[in-house]
Amino acid sequence: MPETKRINDIFSSYKPEEAGLRAVGEAEVLDLKMDRGRRLITLEVSLNGDVPRRNLREYEKGAALAYGLSAVELHVHFSPESFGVCCYPGLVEELKRLSPVVNGFFDGSECRIDGGTLTIVLAHGGRALLLGEHCDRKLSHLIFQEYGLHFEVAVEESATQTAQREAAAAGAPGLPMKTGASDGHEPPAAPAHRVEKPRPEKLQAGSCIFGRTVKGKPQPISDVTEASGHVVISGDVFGVEFRETRDGSKYIISFNVTDYQASMAVKIIGEKEKTNCARENLKNGITVVVSGDATYDKYDRDLVVRARDVCTLKKTEKTDDAAVKRVELHLHTTMSALDAVTPATEFVKRAAAWGHTAIAITDHGVVQAFPDAMNTARKLKKEGKPVKIIYGVEDYFIDDTVPPVTGSAQMAFEGEFIAFDLETTGLGYENDRITEIGAVRIVGGVVTDSFDTFVNPHRHIPDEITQLTSITDAMVANAPDEDAAVRLFLEFCGAAVLVAHNAAFDTGFIRAACRRSGMKFDSTFIDTIPLCRVLLPELKKYKLDIVAEHLALPAFQHHRACDDAKVLADIFIILMSRMKNERQLGDISQLNTRLGQADYTKLRPFHQILLVRNKTGLKNLYGLISKSHLKYYYKTPRVPRSELVKAREGLLVGSACEAGELFSAVLQGKSEQELKDIASFYDYLEIQPTGNN
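Below you will find a few notes about this structure. (Residues numbered from 1 in each chain as written. Predicted model: local features only at pLDDT ≥ 70, side-chain atom pairs only at ≥ 80, totals over all residues. Heavy atoms only, no water.)

Let us now look at the overall build of the protein. On a plain count of helices and strands, the protein comes out with 22 helices and 24 strands. Against the compact-globule benchmark of 26 Å for 693 residues, the protein has a radius of gyration of 37 Å, which places it well outside the compact range. Expressed along its principal axes, the backbone C-alpha trace of the protein runs to roughly 105 × 75 × 65 Å. When contacts within the protein are restricted to residue pairs at least 6 apart in sequence, those whose partners lie at least 24 apart make up 68%. Put simply, the protein shows about 34,500 Å² of open surface, and 52% of that area lies on carbon and sulfur atoms. Looking at charge distribution, the protein has the averaged site of its 84 positive side-chain charges lying 5 Å from that of its 95 negative ones. (Helix = DSSP H or I, 4+ residues; strand = E, 2+ residues; numbered from the N terminus. Rg over C-alpha atoms; globule rule 2.2 N^0.38 Å. Contact = heavy atoms within 4.5 Å. Areas by Shrake-Rupley, 256 points an atom, 1.4 Å probe, with all protein chains shown as cover. Lys, Arg positive; Asp, Glu negative; His and termini not counted. Charge placed at Lys NZ, Arg CZ, Asp CG, Glu CD.)

The following block contains the structure:
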């Protein structure tokens with residue numbers, strides 16, 4: 001056991017002359033914490049008997065001054081045997097320091113101890129104010145902190161004060177007072193300040209492992225604040241830690257309690273004999289109910305509950321009472337990074353306990369949980385609880401065959417194209433509106449005409465959008481509204497093939513505007529970003545201004561539709577020339593099949609579910625996982641569409657969540673036909689509750 005340290009050992013250079021201060025320095029140090037940033041040292045110390053609080057405060061000031069600290073704080077612990085009426089003045093002094101507003105109300109007061117109750121009799125009134133400041137709770141908490149004892153505190157007025165108050169009330173009936181000790185049963189009457197509150201519901205507690213049986217209904221942990229005072233909370237335990245005080249006489253037990261809506265730290269500090277049961281029985285995962293005081297812990301710098309009583313509760317097990325049981329097809333275990341905290345073994349056991357016939361394992365990008373799931377299922381089968389394991393993965397799917405052309409029109413490179421761009425009030429095509437449309441006509445590889453119009457969105461253009469585009473409310477005030485502007489644009493386009501940079505954004509807004517105005521939008525369009533990914537692989541990003549600079553095009557005012565459309569036309573003319581000369585292409589109908597694959601590191605990954613149907617599928621899944629880690633790894637292990645198509649036998653392909661390809665397309669506002677084309681690649685579609693996203 002390490003040698004016992006005294007306060008004097010910590011502050012050896014501070015040598016006070018006053019005997020009372022030197023006595024403070026002889027106190028045993030239980031714990032020390034230093035906050036270098038705040039230049040603060042906090043000590044928990046043990047004293048054999050009560051000492052004048054003035055001496056503690058003077059020692060704190062002297063030690064801080066001697067060592068150039070902003071403050072020294074001493075938190076004292078006294079022997080429980082030393083507690084008595086003689087300790088009352090010291091407790092009142094400490095209470096005055098914590099709550100200066102009560103100063104003076106305790107002058108001339110007396111106290112008595114009856115069993116587990118300390119009763120204070122005021123000489124000069126003020127009971128209502130003291131109770132309003134929760135002085136009874138604070139004193140009770142001080143006794144627990146400093147002496148490790150549980151005492152109820154009752155506040156009474158002297159007989160003279162009571163008579164005066166009753167006379168002033170003109171015969172109003174008195175309130176019952178609690179003066180006796182609690183023996184574990186219901187007290188005969190509650191203190192006056194609690195009469196207005198209904199008595200909380202009784203809680204069926206299990207075995208008590210610290211203090212007494214907890215009474216009262218637990219409140220939500222999220223409702224607990226520093227001002228809550230005495231609280232009762234309940235939940236599952238995690239993060240249990242034990243340590244001894246330096247003299248080996250006490251335990252400091254720290255643990256967390258969660259009700260799965262919020263969590264809170266709990267501390268028990270007490271002599272070994274009183275905390276042994278808690279030390280032996282507090283385990284991660286058990287359910288407890290805790291009664292104690294919510295307080296800010298200066299050592300942990302957090303709100304904690306200083307426990308007075310801790311009891312175990314029987315954990316309420318969830319059941320699946322559905323007549324037809326579900327089969328979970330989307331499940332992450334601890335092998336799925338940052339997605340889950342439950343091992344596969346426990347999931348499989350739970351599925352069997354609920355009567356589920358099967359359960360899928362679909363960790364993100366990995367399959368390491370398969371052996372544990374398989375072995376657990378084999379064991380359960382021997383116990384008469386068969387459950388089938390559906391082996392799978394939620395992979396990071398990339399479409400390395402992304403078609404730059406959407407639509408069925410055929411057009412030679414010498415034909416007619418419209419390069420266009422939009423400015424909008426925001427990024428959402430359903431809630432935001434167009435503010436400018438710019439377009440340029442290209443015929444035979446040459447710019448022949450242009451179109452530009454502001455659009456009145458009939459709403460304020462956000463300031464950040466104005467800073468980006470320089471378009472103000474005044475500039476669009478007299479412009480055509482959405483219906484008229486889009487009609488003019490479509491008339492300008494005619495039967496030409498449209499060209500846009502990140503076409504999903506621009507066509508999404510045009511399509512939404514057409515839907516609101518009852519117009520039809522079925523134009524074929526080309527997205528230049530997939531073209532740039534294949535033809536300009538040396539670039540890391542493909543923003544319009546980055547591509548323009550790379551191709552040595554003149555500077556332009558980016559984020560103005562008219563200028564962006566002109567630059568996009570120049571970019572598209574250069575790209576058509578490269579496709580014609582380097583790839584021997586001459587028609588847009590060839591782009592989706594003969595252009596070539598894009599760099600897999602430049603493609604956006606989507607979530608996707610792969611489920612194994614048979615042994616062939618399992619082998620193919622292992623092959624895809626291996627390639628995704630060894631050949632196509634970039635930030636995540638990626639599964640290209642080209643590889644999946646070759647290894648699809650024995651697998652079921654699911655569309656996954658909102659991060660999947662299909663529902664991302666829904667959010668982008670793609671047409672019904674586009675959505676059907678995407679959905680046709682999948683064997684089943686996954687629809688999750690909206691709250692999941």
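Back to the text.
What follows is about unusual backbone geometry. A positive phi is found at Ala 552, a non-glycine position, where the angle reads about 60°. Topologically, Ala 552 is positioned in the loop between α16 (544-550) and α17 (561-582). Although it is not a glycine, Gln 584 sits at a positive phi angle of roughly 55°. For Gln 584, the position within the fold is in the loop between α17 and α18 (591-594).

Turning to the packing of aromatic side chains, a few remarks are in order. Under the counting rule described, the total for this entry stands at 15 aromatic pairs. A network of ring pairs unites the aromatic residues Phe 78, Phe 83, Tyr 147 and Phe 151 as a single cluster. (Phe/Tyr/Trp six-rings, centres within 6.5 Å; stacked < 30°, edge-to-face > 60°.)

With that out of the way, let us pick up the sheet that holds strand β15 (residues 405-406). An order of β15-β20-β19-β16-β17-β18 is seen for the six strands of this open sheet, with the pairing classed as mixed. Strands at the two margins of the open sheet, each flanked by one partner only, are β15 and β18 (446-454). Sheet topology note: the strand β17 (residues 434-443)/β18 ladder contains eight bridges and is antiparallel. Note that in β18 the partner of Val 440 across the bridge is Ser 450. Helix α13 (residues 482-493) contacts β16 (416-424), β17, β18 and β19 (497-500) of the sheet and is inclined by roughly 5° relative to β17. (Pairing = 2+ DSSP bridges. Axes fitted to C-alpha atoms, helices over the stretch in contact; angles between N-to-C directions.)

Relative placement of two packed helices is described by the angle separating their axes and the distance separating the axes. It is the contact of helix α15 (residues 528-535) with α17, at a shortest axis distance of 11 Å, that shows an interaxial angle of 45°. Considering the angle they form, α15 stands oblique to α17. When the axes of α15 and α17 are compared, the crossing they make is left-handed. Contact with α15, carried on its side by Thr 528, Leu 531, Cys 532 and Leu 535, involves Leu 568, Phe 572, Leu 575, Arg 578 and Met 579 of α17 and no other residues of that element. (Parallel < 35°, antiparallel > 145°, perpendicular 65-115°, else oblique. Left-handed = near helix turned anticlockwise from the far one by under 90°.)

Across all of its chains, the model carries 29 salt bridges by this definition. The salt bridge partner of Asp 31 is Arg 243, with a shortest N-O separation of 3.3 Å. Residue Asp 31 is found in strand β1 (residues 28-35), and its partner Arg 243 is found in strand β8 (residues 230-244); the two are separated by 212 residues along the sequence. The exposure class assigned to Arg 243 is partly exposed, which follows from its relative accessible area of 34%. In this structure, the salt-bridge partner of Asp 114 is Arg 112, at a minimum N-O distance of 3.3 Å. Owing to a relative accessible area of 32%, Arg 112 belongs among the partly exposed residues under this scheme. The structure contains a network of salt bridges with shared partners spanning Arg 53, Arg 57, Glu 60, Glu 94 and Glu 146. (Salt bridge = Lys/Arg side-chain N within 4 Å of Asp/Glu carboxyl O. Buried < 20%, exposed > 50% of the residue type's maximum accessible area, 1.4 Å probe, protein only.)

With that out of the way, let us pick up the environment of Thr 636. Relative to the helices and strands, Thr 636 is located in strand β23 (residues 636-640). In this structure, the C-alpha to C-alpha distance between Thr 636 and Gly 365, residues 271 residues apart in sequence, is 7.7 Å.

Turning to the nonpolar core, a few remarks are in order. Counting 43 residues, the largest nonpolar core has Ile 7, Phe 11, Tyr 59, Phe 83 and Phe 106 as the members making the most contacts within it. Among the elements that make up this core, the one with the highest residue count is helix α6 (residues 135-147) (five residues). Judged by nonpolar contacts, the second largest core, of 38 residues, contains Ala 419, Val 440, Leu 575 and Leu 595. (Core = buried A, V, L, I, M, F, W, Y, C linked by side-chain atoms within 4.5 Å.)

To continue, consider the packing of helix α9 (residues 344-353) against helix α10 (residues 370-382). As a packed pair, α9 and α10 sit with axes 8 Å apart at the nearest point and diverge in direction by 35°. The crossing of α9 and α10 is right-handed. On α10, the residues that touch Ala 344, Thr 345, Val 348, Lys 349 and Ala 352 of α9 are Asp 372, Ala 373, Thr 376, Ala 377 and Leu 380. Counted by class, the contact of α9 with α10 contains six nonpolar, two polar and two charged residues. (Nonpolar A, V, L, I, M, F, W, Y, C, P; charged D, E, K, R; others polar.)

Let us now look at the pairing of β23. Counting buried positions along β23 yields five of five residues, so the element is predominantly enclosed. Bridging between strand β14 (residues 388-398) and β23 involves three bridges; their strand directions are parallel. The residue bridging Tyr 396 from the neighbouring strand is Arg 638, located in β23. As judged from the two bridges shared by strand β22 (residues 633-634) and β23, these two strands associate in the antiparallel manner. Opposite Tyr 633, over in β23, you have Pro 637 as the bridge partner.

Moving on: the sheet that holds strand β4 (residues 110-114). Strand pairing in a sheet is mediated by backbone hydrogen bonds. Such pairs are either parallel or antiparallel. Spatially, the three strands line up as an open sheet ordered β4-β5-β6, and their pairing is mixed. Looking along the sheet, the strands with just one partner apiece sit at the ends: β4 and β6 (152-157). Pairwise comparison of adjacent strand axes, ignoring direction, gives a mean angle of 20° for this sheet. By the bridge criterion, five bridges tie β4 to strand β5 (residues 117-122) in an arrangement that is antiparallel. Residue pairing in the sheet places Ile 113 in a bridge with Leu 118 of β5. The strands that α6 touches are β5 and β6; relative to β6, the one it contacts most, it runs at about 140°.

Function cannot be read off these values alone, since they describe shape.
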